[in-house]
Amino acid sequence: MSEVKLTAETRSEFGKGAARRIRRDNKVPGVLYGRGSDPIHLTLPGHELLLALRTSNVLISLDIDGKTNELAIPKSVQRDPIKGYLEHVDLQLVKRGEQVNVEIYVHTEGELAPGAFLLEHVLNALPVEAEATHIPESVTVSIEGLSAGDSVLAKDIPLPKGTKLAVEEDTVVLQVLAAQAEESEGEAGEGDAAAEA
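Residues numbered from 1 in each chain as written. Predicted model: local features only at pLDDT ≥ 70, side-chain atom pairs only at ≥ 80, totals over all residues. Heavy atoms only, no water.

Draft legend 1. The pattern of salt bridges, seen in detail. Scanning the entire structure with this criterion turns up two salt bridges. Its salt-bridge partner being Lys27, residue Glu9 comes within 3.5 Å of it at the nearest N-O pair. Placement of Glu9 in strand E1 (residues 3-10) and of Lys27 in strand E2 (residues 27-34) is noted, with a sequence separation of 18 residues between them. The partly exposed category is assigned to Glu9, whose relative accessible area is 37%. Close ionic contact of Lys164 with Glu129 constitutes a salt bridge, the shortest N to O distance being 3.5 Å. Pair noted here: Lys164 is in strand E12 (residues 164-165) and Glu129 is in strand E9 (residues 125-131), with a separation of 35 residues, a long-range link. Look at Glu129 and you get partly exposed, because its relative accessible area is 23%. (Salt bridge = Lys/Arg side-chain N within 4 Å of Asp/Glu carboxyl O. Helix = DSSP H or I, 4+ residues; strand = E, 2+ residues; numbered from the N terminus. Buried < 20%, exposed > 50% of the residue type's maximum accessible area, 1.4 Å probe, protein only.)

Okay, structure coming up:
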């Protein structure tokens, strides 16, 4: 797991106008919360934060006002729906050795059995519990030879050492479906009615 160092400043201005001014300076407003302490409102460097967030569940080492150092993980990231820039980020305080609940991406490898089958990702991300400084970025599961009706359960996914499932073991993560025929029954029925008329 990668750890990224960022310099943050506490902020005392709130509201849309203040947030716009922060973003004009290529910075991002954020909130750091957790461990029963009061939330800390921050201003974070926009470009560096954007690069850090390219890694899922990145561990962020925050230097706040040059006075305190905190570890955090991203919990909620808001982006502009059209332009994609960061609007706001919520960070959760963590400490080394602490167990945290996060979601990790599920990647697949291999090929489905020959035929017209579709792979459905019932869960795109798998809820797990892991040590804050050892959160896996993703897990990989083989779908080799699976066909319609087959599924991959949470308990079937190999997890890195020290990582535990945060969902029921029999939760369906992936399932294989038979591809639907292009002509639906409704269209066929309309054709039959026209033939009878």
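Draft legend 2. Molecular detail of the pairing of strand E3 (residues 37-45). Bridge analysis of E1 against E3 gives two bridges, and the strand direction is antiparallel. When the bridges of E3 are listed, Glu9 appears paired with Thr43. Relative to E3, E2 is paired through seven bridges, and the arrangement is antiparallel. By the bridge assignment for E3, Gly30 is matched with Leu42. What sits between the antiparallel neighbours E2 and E3 is a turn of two residues, in which Arg35 has the positive phi angle 55°. (Pairing = 2+ DSSP bridges.)

Draft legend 3. Region of interest: the environment of Ala19. For Ala19, the position within the fold is in helix H1 (residues 16-24). Using a relative accessible area of 15% as the deciding quantity, one classes Ala19 as buried. Between the alpha carbons of Ala19 and Pro29 there is a distance of 6.3 Å; along the sequence they are 10 residues apart.

Draft legend 4. Highlighting the sheet that holds strand E10 (residues 138-142). Here we have four strands laid out as an open sheet, ordered E10-E7-E9-E12, and mixed in their pairing. The outermost strands of the open sheet, each flanked by one partner alone, are E10 and E12. Of the strand pairs in this sheet, strand E7 (residues 99-109) and E10 are connected by five bridges, and their pairing is parallel. Bridge pairing links Tyr105 to Ser138 in E10.

Draft legend 5. Quick look at the sheet that holds strand E11 (residues 151-153). Taken together, the three strands give an open sheet; going across it, the order is E8-E13-E11, and neighbouring strands pair in antiparallel fashion. Edge positions in the open sheet fall to strand E8 (117-121) and E11, since each of these has one partner strand only. Neighbour-to-neighbour, the strand axes of the sheet open up by a mean angle of 15°, direction not taken into account. By the bridge criterion, five bridges tie E8 to strand E13 (residues 172-178) in an arrangement that is antiparallel. Opposite Glu120, over in E13, you have Gln175 as the bridge partner. (Axes fitted to C-alpha atoms, helices over the stretch in contact; angles between N-to-C directions.)

Draft legend 6. Main features of the nonpolar core. Counting residues in hydrophobic clusters, the biggest one holds 23 residues, and the most contacted among them are Leu126 and Ile157. Mapped by element, the contributors of at least two residues to this core are strand E5 (68-79), E7, E9, E10 and E13. Setting aside residues no more than four positions away along its own chain, Leu126 makes contact with Val102, Glu103, Ile104, Val106, Ala154, Ile157, Leu159, Leu165, Val167 and Val173. Counting residues in each nonpolar core, the second largest holds 17 residues, with Leu6, Val28, Val89 and Leu91 among its members. (Core = buried A, V, L, I, M, F, W, Y, C linked by side-chain atoms within 4.5 Å. Contact = heavy atoms within 4.5 Å.)

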